[in-house]
Amino acid sequence: MNRHSIDDLISRSDLSKDELVFLLALQGDRMQRLVEIAARVKEKYVGNNTYLRGLIEFSNICSKNCLYCGIRSDNKEIIRYNLDDQQILKATQFAYDNNFGSIVLQSGEIKSTSFTHRIEKLLRKISRLSGGNLRITLSCGEQTRETYLRWHEAGAHRYLLRIETSNPVLYEKLHPGDGKHVFGDRLACLYHLKDIGYQVGTGVMIGLPFQSIQDLSDDLLFMKDFDIDMVGMGPYLEHQNTPFYKFSHQAPALKERMDLTLKMIALLRIIMQDINIAATTAIQSIDARGREKALRSGANVIMPNVTPQEYREYYALYNGKPCMSENEQACSKCIEKRIAYINGKLAIGEWGDSQHYLKKNKASVNLIKPGLLQPGSDLLSNPQCAQHRQKF
Ligand code: SAH
Ligand code: SF4
């Protein structure tokens, strides 16, 4: 295929499964071309802003046992923690004071009445703290429709629940058959979230053992068919204390996982245009410039970790998680430099709602929250990220 016809193909938003398979296999200059076109689509539909979400990993206690995850309940090698409300509110205050515009509260999965009530009360406290001026994303796994509803009414605007893979057979391989890890249940949760009115985010792991390029094409089409509002997807990375570790040799090489992730982001941007796509932390574990590359490939969201530093090492979903030893200020300053490096604009003081969601719901497109600093303001005056001390 000549360059002209590849350009024609890449510029279409109605790509078929076969075409996506073809494009996911591009290498070298042709892959670069794909990334360039995705960057143009991003600029046209969502602009060149990078939106911030302060990530608070508030507990690594999990009742699930996903075969790939380092904080699965059967891993007895890690210290478990559960931040108290004061610690979470302090991290929230940091994000608020530094004009992040939004936070993500993520944890292992606990399904109980007391957990539901705790989060509900916490959400109301966060809304009070910020005068309703922070967008809140929850990522606390599968819950009942009633729980999702209560959390939405208490102030959660967005929910992130990765489908992990859209292939039910692969899903079964990734999870124990104990009745607690059922593909259909996870899908039903996504439908509840959408129906309740959340901005719904999902995503997949890329480069899993037993995953084919056809599976990844199906993942892209799944996200499009579901009409998702936001996506966080990243490379699968091994953790030594998991049953999946023994299949490491069946996963693609790290460089290939990285390239596949960039191509997935680029293609999703091309086929879904105005959604929010995160440049995830996992991508930076493979390549110190991973998040910048993701932003250049069509991603428009970044999630600085604002979890208190002393707990970060225990939220070890996979080996080699970056930014374990930096404090919140250093992380934020590092991100500011990274965005400048790619000539992007850090959207300070903006909620960064999914434009796709706003258009779908015919809401007025109000991306800038009132009363906060305008884009271009200084984020923080604190110096550098120690772990990734690089020339910018
Ligand atoms: N417990 C919640 C949220 C925390 S886990 C949930 O499962 O939805 C958040 C995400 O981490 C998961 O959705 C999964 O995609 C990702 N994750 C877990 N283990 C991983 C690994 N080994 N490599 C890459 N991503 C992983
Ligand atoms: Fe728990 Fe989420 Fe890890 Fe599964 S992926 S074990 S639900 S934290």
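Up top is the structure.
**Student:** When you look at empty space enclosed by the protein in this model, what are you seeing that I'm missing?
**Tutor:** This model, assessed by the stated rule, comprises three cavities of 30 Å³ or more. The wall of the largest cavity is formed by 42 residues, among which Q106, R162, E164, Y315 and L317 lie closest to the centre. Listing elements by their share of the lining of the largest cavity, those giving two or more residues are β2 (54–59), β3 (102–107), β9 (234–235), β10 (276–279) and α11 (281–286). When grouped by side-chain class, the residues that make up the lining of the largest cavity number 21 nonpolar, 11 polar and 10 charged. When its volume is computed, the second largest cavity comes out at roughly 130 Å³.

**Student:** I would appreciate a short explanation of the nonpolar core in the present structure.
**Tutor:** For soluble globular proteins, nonpolar side chains are generally found buried alongside one another. If you look at the biggest cluster of nonpolar residues, it comprises 96 residues, and the most contacted ones within it are L105 and L268. If you tally residues by element for this core, the top one is helix α10 (residues 254–272), at 11 residues. Judged by nonpolar contacts, the second largest core, of seven residues, contains Y51, A278, V301 and A347.

**Student:** Please explain the pattern of salt bridges as it appears in this structure.
**Tutor:** Any two side chains of opposite charge can pair, so long as their charged atoms come close to each other. Applying the stated rule across the entire model yields 23 salt bridges. Residue R257 pairs with E238 through a salt bridge whose shortest N-O separation is 2.9 Å. Of this pair, R257 sits in helix α10 while E238 sits in the loop between β9 and α10, and the two are 19 residues apart along the sequence. Each member of the pair, R257 together with E238, is buried. Here the salt bridges share partners, and the residues they tie into one network are K64, E109, E142, E164 and R186.

**Student:** What is the right way to look at the packing of helix α9 (residues 213–226) against α10 in this model?
**Tutor:** When two helices pack together, their arrangement is given by the angle between the helix axes and by the axis-to-axis distance. Their axes nearest at 10 Å, the elements α9 and α10 cross at an angle of 35°. Two packed elements cross with a definite hand, and for α9 against α10 that hand is right-handed. Residues L216, D219, L220, M223 and K224 of α9 touch α10, and the partners they reach there are L260, M264, L267, L268, I271 and M272. Class assignment for the residues of the contact of α9 with α10 results in nine nonpolar, no polar and two charged.

**Student:** What is the right way to read the site of ligand 1 from this model?
**Tutor:** Not every one of the 19 residues close to ligand 1 is listed here, only the nearest: Y68, R162, E164, R186 and L237. At 3.0 Å, a backbone N or O of Y68 approaches a nitrogen atom of ligand 1. Look at ligand 1: alone it shows 530 Å² of surface, and the protein chains cover 92% of it. Under a 2 Å grid-point criterion requiring more than half of the atoms, the pocket assigned to ligand 1 is the largest cavity. Here the residues of the shell around ligand 1 sort into 10 nonpolar, five polar and four charged.

**Student:** What's the story with the pairing of strand β4 (residues 135–139) in this structure? I'm lost.
**Tutor:** On any regular strand, side chains alternate: one points to one face of the sheet, the next to the other face. Counting buried positions over the five residues of β4 gives five, a clear majority of the element. Of the two faces of β4, the one carrying R135, T137 and S139 and the one carrying I136 and L138 are both buried. Here five bridges tie β3 to β4, and the two strands are oriented parallel to one another. Looking at β4, one finds that I103 is bridged to I136. Taken together, β3, helix α5 (residues 113–130) and β4 form a β-α-β motif whose crossover is right-handed. Relative to strand β5 (residues 158–160), β4 is paired through two bridges, and the arrangement is parallel. Looking at the pairing, L138 lines up with Y159 of β5. Taken together, β4, helix α6 (residues 145–153) and β5 form a β-α-β motif whose crossover is right-handed.

**Student:** It is not clear to me how the site of ligand 2 should be interpreted in this structure. Could you clarify?
**Tutor:** Residues in contact with ligand 2, as listed here, are C62, K64, C66, C69, I71, R72 and G108. Judged by the fraction of its atoms near the pocket grid, ligand 2 is located in the largest cavity. Here the shell around ligand 2 is composed, by residue class, of four nonpolar, one polar and two charged.

Calculation notes
Residues numbered from 1 in each chain as written. Chains lettered and ligands numbered in written order. Predicted model: local features only at pLDDT ≥ 70, side-chain atom pairs only at ≥ 80, totals over all residues. Heavy atoms only, no water. 1 Å grid on protein atoms, 1.4 Å probe; cavity = no way out; pocket = protein on both sides within 12 Å on 5 of 7 lines; lining within 4 Å. Points joined across faces, edges and corners; volume = space filled by probe spheres on them. Helix = DSSP H or I, 4+ residues; strand = E, 2+ residues; numbered from the N terminus. Nonpolar A, V, L, I, M, F, W, Y, C, P; charged D, E, K, R; others polar. Core = buried A, V, L, I, M, F, W, Y, C linked by side-chain atoms within 4.5 Å. Buried < 20%, exposed > 50% of the residue type's maximum accessible area, 1.4 Å probe, protein only. Salt bridge = Lys/Arg side-chain N within 4 Å of Asp/Glu carboxyl O. Axes fitted to C-alpha atoms, helices over the stretch in contact; angles between N-to-C directions. Left-handed = near helix turned anticlockwise from the far one by under 90°. Contact = heavy atoms within 4.5 Å. Near = heavy atom within 4 Å. Polar contact = N/O pair within 3.5 Å; in protein donor to acceptor, adjacent residues only side chain to side chain. Areas by Shrake-Rupley, 256 points an atom, 1.4 Å probe, with all protein chains shown as cover. Sits in = over half its atoms within 2 Å of the grid points. Pairing = 2+ DSSP bridges. Right-handed = clockwise from strand over helix to strand, strands pointing away.

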